[in-house]
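Residue-level structural notes
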Amino acid sequence: MAQQIEEILNDEFVGKKVELRGWIYRKRRVGKLIFIVLRDSTDIVQCVVEKRKIPEETFKLLDKVGVESSLVLKGTVRKEERAPTGYEVDVEEIAVVGPSYNFPISKDKSDEFLLDNRHLWVRSREMNAILKIRHTVFKALHEFFRDRGYYETQGPMFVTGAVEGGSTLFEVPYFGKKVYLTQSSQFYLETLIFSLEKVYTVAPSFRAEKSRTRRHLTEYWHAEAEAAWYHNDDMMRDEEDMIVHIIQRVLEERKKELKYLNRDIELLQNIEKPFERMRYEKLINFAQEHGVNIEYGDDLGADEETAITKHFNAPVFITHYPREIKPFYHRPDPDNPNVILCHDLLAPEGYGEIIGGGERIYKLEVLLQRMEEEGLNPEDYYWYVDLRKYGSVPHAGFGLGMDRFVWWIAGLSHIKYAIPYPRTIRRTKP
Ligand code: ATP
Ligand code: MG
C-alpha cells in the first residue's frame, strides 16, 4: 500500500521502506544524482535518485522529463535537515507514469496568465491550501446545520422572478420563453418551512454584477437558511454559532494551510461569541467619525464596507437598516416602521459583508403594501404571497456567501482566489 507524503514526514518512518505516488514539484541534477521534490495532495518531500541504483533508461528519462511529470517510487526514509520538509527518500525503484514537458506555469507569471491556466494552477501549493480550507468550511457548515435540526433541501436554478432586484438577473432562453438564473433560493426556502420548519441549502446563485470589486462573482456558492418561528435575534444567534463553529473547525484541521498562506491565525483564534450588534444608524456615525463619506439612508457599497471594517477585528452585525435600501420582503420594525428587522454580518479587516439576513414580512397586508411601494405586481409573486394567506408564521433567514467567507478566513486579496473556477464579468474560462 502506498503512503501519502504527509504521513511519512516523521521520525517513526526513518529507516522504513515507503511507496509514494505524486508529481515532480522541482528537479535538480547534480552529477550522478537527481534530486526530485515530489508533491502529492498532502505535502512535498525530497527524493534522491542515484544513477547506479536504477536502470539506465529510467535515469535518462527522469533526467529529461519536466516538472509535473507523475511518478511512482519506492525508497527508504532518512532524516535530512537541509531538505525542504526535513526528511528525504533514498529512491530504490522509480517509474514515470505520465511525462510532462514544458509545463506552462513557471515563476513570475501574471495573474491573468494564471487565471487562463487555472486548470493547471489548481495544482499549485497555494491553491491546494485554499481548496482544503474551502473543503473544511463546507464540511463544517453542513455539520452545523445538521446538528441544529435544519433539513437540507434544494430550490430550482431556473426561475421567473427576482429576489434581489432586477438589475442583476441573467436571462436564459427557455423553449421560446425567457427565464432567469436564480439570485437566491430564499423564496423557495420560505415555502419549505411550512413543511420542515428549519431548512437550508447550499447552491449556486447567479448575479450579473457589473461592478468590479474584490468581492463579487457572477456565479457564487450561497448557503441559505430559513426557520419558522424565528425572529431576527434568533437567527443572528444561530449565525454566530455557525461562524464560530466553522472557524473552530478550520483552526483544528487547517492550521498548516493557514500558515502556508501567511494568515493571521491569532485574529481567527480571538473571534468569540456574541458578536457585536450595531444599529445602521450608529454604523453611519461610526463611519463618519472615521472619515468615510456616507450619509444616513445610503446603502453600504464594497468601498464603504472596506473602509469601515478595517477598524474591526471581529465580525459585527449591522441591524435596522432603513427600509428603502433593502428588498421588499424584510419585516418593518413594529416600533419604528422606517427601519427593518434585518442584519448584515460584516467581516473585519476590510472584508465587509459575508451574510445578509433578517426577519421576513409574515402579514399579508404588510407584504402587499411593501410590494406596492416597490412597484411590484403581486401576481408575479402569487406563490410567495400565498404563504401569507395559509397559516403564516413569523420567520427569519439568511444567506452566507461561501466564497466570501473562504476569502476572509483564508485572508485572500480577491474573491477569485477562493473558488476553483471563478466566474466574473470578464471571465468564463476555463
Ligand atoms: P453586496 O452588497 O456585497 O452586493 P448583497 O447585499 O447583494 O451583497 P445579499 O443579496 O444579501 O448580498 O446576498 C447574501 C450574501 O451572498 C452576501 O452577504 C454575500 O456574502 C453573498 N454575495 C452576494 N452577492 C455576491 C456575489 N456577487 N459574489 C459573491 N458573493 C455574493
Ligand atoms: Mg449585491
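For every chain, the first residue of its written sequence is number 1, and the numbers climb from 1 along that sequence. The lettering of chains begins at A and the numbering of ligands begins at 1, in the order of writing. Residue-level local features of this predicted model are given only where pLDDT is at least 70; pairs of side-chain atoms are given and counted only at 80 or more, and the full residue set underlies all totals for whole chains, interfaces and linings. Water and hydrogen atoms were dropped before computing side-chain values, which therefore reflect all heavy atoms in the structure.

**Considerations on the overall build of the protein**
Quick reminder of the rule: Per the convention used, a helix needs a DSSP run of H or I reaching at least four residues, while a strand needs a run of E reaching at least two, with both numbered from the N terminus. Relative accessibility thresholds used throughout: buried, under 20% of the residue-type maximum; exposed, over 50%; partly exposed, between the two (1.4 Å probe, protein chains only). By definition in these notes, contact holds between two residues if any of their heavy atoms fall within 4.5 Å. Residue-level accessible areas treat just the shown protein chains as cover; the underlying method is Shrake-Rupley with a 1.4 Å probe.
When its secondary structure is counted, the protein shows 14 helices and 18 strands. For the protein, the spread of C-alpha atoms along the principal axes amounts to about 85 × 55 × 40 Å. The buried share among the 430 residues of the protein stands at 54%. Of all intrachain contacts in the protein linking residues separated by at least 6 positions in sequence, the fraction that spans at least 24 positions is 67%. A total of about 20700 Å² of accessible surface is found on the protein, and carbon and sulfur atoms cover 48% of it.

**With respect to the site of ligand 1**
Let me state the cut-off plainly: Neighbouring residues are identified by heavy atoms, a residue being near a molecule or strand if any of them is within 4 Å of it. Two N or O atoms count as a polar contact when they lie within 3.5 Å, although within protein this holds only if one can serve as hydrogen donor and the other as acceptor, and sequence-adjacent residues are included solely when both atoms are side-chain atoms. Under the scheme applied here, ten amino acids are nonpolar (Ala, Val, Leu, Ile, Met, Phe, Trp, Tyr, Cys and Pro), four are charged (Asp, Glu, Lys and Arg), and all others, including Gly, are polar.
Close contacts around ligand 1 come from 16 residues, with Arg207, His216, Leu217, Glu353 and Ile354 the closest. Within the contact set of ligand 1, an oxygen atom lies 2.9 Å away from a side-chain nitrogen or oxygen of Arg215. Starting from 590 Å² of accessible surface for ligand 1 in isolation, the protein chains cover 88%. Where the shell around ligand 1 is concerned, the elements lending two or more residues are β11 (219-228), β17 (352-359) and β18 (395-401). Broken down by element, the residue count for the shell around ligand 1 peaks at 4 residues, all from β17. Broken down by class, the residue content of the shell around ligand 1 amounts to 5 nonpolar, 5 polar and 6 charged.

**Some points on the sheet that holds strand β3 (residues 44-50)**
The strands that make up a sheet are held in pairs by hydrogen bonds between backbone atoms, and each pair lies either parallel or antiparallel. To keep things clear, this is the line we draw: When DSSP finds at least two bridges between two strands, those strands are taken to pair. A fitted line through C-alpha atoms represents every axis, and for helices the fit uses only the stretch in contact; the resulting angles, taken between N-to-C directions, go from 0 to 180 degrees.
On the basis of which strands lie adjacent, the closed barrel formed by 5 strands has the order β1-β2-β3-β5-β4 and mixed pairing. The mean angle between the axes of side-by-side strands here comes to 50 degrees, regardless of whether they run parallel or antiparallel. In this structure, strand β1 (residues 17-30) lies alongside strand β2 (residues 33-39), joined through 7 bridges in antiparallel fashion. The residue bridging Arg26 from the neighbouring strand is Val37, located in β2.

**What to know about the nonpolar core**
We count it as follows: Note on terminology: a nonpolar core comprises buried Ala, Val, Leu, Ile, Met, Phe, Trp, Tyr and Cys residues joined through side-chain atoms within 4.5 Å.
Ranked by size, the top nonpolar core spans 61 residues in total, and within it Met242, Leu400, Phe405 and Trp408 carry the most contacts. Among the elements that line this core, the one with the most residues is helix α5 (residues 125-147), at 10 residues. The contact partners of Phe405, leaving out residues within four places of it in the chain, are Val137, Ile243, Ile246, Ile247, Ile354 and Leu400. Among the nonpolar cores identified, the runner-up in size contains 25 residues, and Ile8, Ile34, Val49 and Leu73 belong to it.

**A few points about the environment of Arg148**
Summarising the element assignment, Arg148 is placed in the loop between α5 and β6 (151-152). A relative accessible area of 29% means that Arg148 is categorised as partly exposed. Taking C-alpha positions, Arg148 is 24 Å from Tyr362, a pair spaced 214 residues apart along the chain. What Arg148 contacts, discounting residues up to four positions off in sequence, is Lys198, Asp238 and Asp241.

**Here we look at the packing of aromatic side chains**
Note the cut-off: Working definition: rings of Phe, Tyr and Trp (its six-membered ring) pair if their centres are within 6.5 Å, and the pair is stacked with planes under 30 degrees apart, edge-to-face with planes over 60 apart, and tilted otherwise. When the NZ atom of lysine or the CZ atom of arginine is within 6 Å of a ring's centre and also within 35 degrees of its normal, the charge is said to sit over that ring.
A full pass over the atoms with the stated rule returns 23 aromatic pairs. An angle of 70 degrees between the planes, with centres 5.0 Å apart, marks the rings of Phe145 and Tyr150 as edge-to-face. We classify Phe145 as buried; its relative accessible area is 0%. For the pair Phe145 and Phe398, a centre-to-centre distance of 6.3 Å together with 20 degrees between the ring planes defines the contact as stacked. Of this pair, Phe145 sits in helix α5 while Phe398 sits in strand β18; the two residues are 253 residues apart in sequence, bridging distant segments of the chain. On the basis of relative accessible area, Phe398 is assigned to the buried category, the value being 3%. Members of the aromatic cluster, connected to one another through ring pairs, are Phe187, Tyr188, Phe328, Tyr329, Tyr381, Trp383 and Tyr384. Sitting over the ring of Phe13, Lys16 keeps its end group 5.9 Å from the ring centre.

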